[in-house]
Amino acid sequence: MTLRTTSWRWEAELMQQILEAHGIPTRILDLGSTSYFGAGSPAALQVYAKDRWTALLLLSPIEEE
């Protein structure tokens, strides 16, 4: 299941590293053509449905009191 989409592949790779550090397997899908001039390419981060809520909690912003 697609968890998040982003305009930058490096951002998807960072989220992938965070989730895999917590033992959640992920996959990145490229959604566009390869980048030119450092513009980046859109990507989607996918996880198994059973890991969806844990992954969303790990990637959500920290709530301040």
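Residues numbered from 1 in each chain as written. Predicted model: local features only at pLDDT ≥ 70, side-chain atom pairs only at ≥ 80, totals over all residues. Heavy atoms only, no water.

An unreviewed UniProt entry lists the protein chain under the name DUF2007 domain-containing protein, from Scytonema millei VB511283.

Looking now at the sheet that holds strand β3 (residues 43-47). Spatially, β1-β3-β2 is the arrangement adopted by the three strands of the open sheet, whose pairing is antiparallel. The open sheet terminates on both sides in strands that have one partner only, identified here as β1 (2-6) and β2 (26-30). With strand direction ignored, the average angle separating the axes of adjacent strands in the sheet is 20 degrees. Packed on one face of the sheet, helix α2 (residues 52-59) meets β1 and β3 and runs near 35 degrees to β1. (Pairing = 2+ DSSP bridges. Helix = DSSP H or I, 4+ residues; strand = E, 2+ residues; numbered from the N terminus. Axes fitted to C-alpha atoms, helices over the stretch in contact; angles between N-to-C directions. Contact = heavy atoms within 4.5 Å.)

Before going further, it helps to spend a moment on the pattern of salt bridges. Going through the model one piece at a time under the given rule, you end up with three salt bridges. Residues Glu13 and Arg9 are paired through a salt bridge, measuring 3.0 Å at the closest nitrogen-oxygen approach. Of this pair, Glu13 and Arg9 both sit in helix α1 (residues 9-21), four residues apart, roughly one helical turn. Look at Glu13 and you get partly exposed, because its relative accessible area is 32%. Close ionic contact of Asp51 with Lys50 constitutes a salt bridge, the shortest N to O distance being 3.8 Å. Taking relative accessible area as the criterion, Asp51 reaches 12% and is therefore assigned buried. Linked by salt bridges that have partners in common, Arg9, Glu13 and Asp30 make up one network. (Salt bridge = Lys/Arg side-chain N within 4 Å of Asp/Glu carboxyl O. Buried < 20%, exposed > 50% of the residue type's maximum accessible area, 1.4 Å probe, protein only.)

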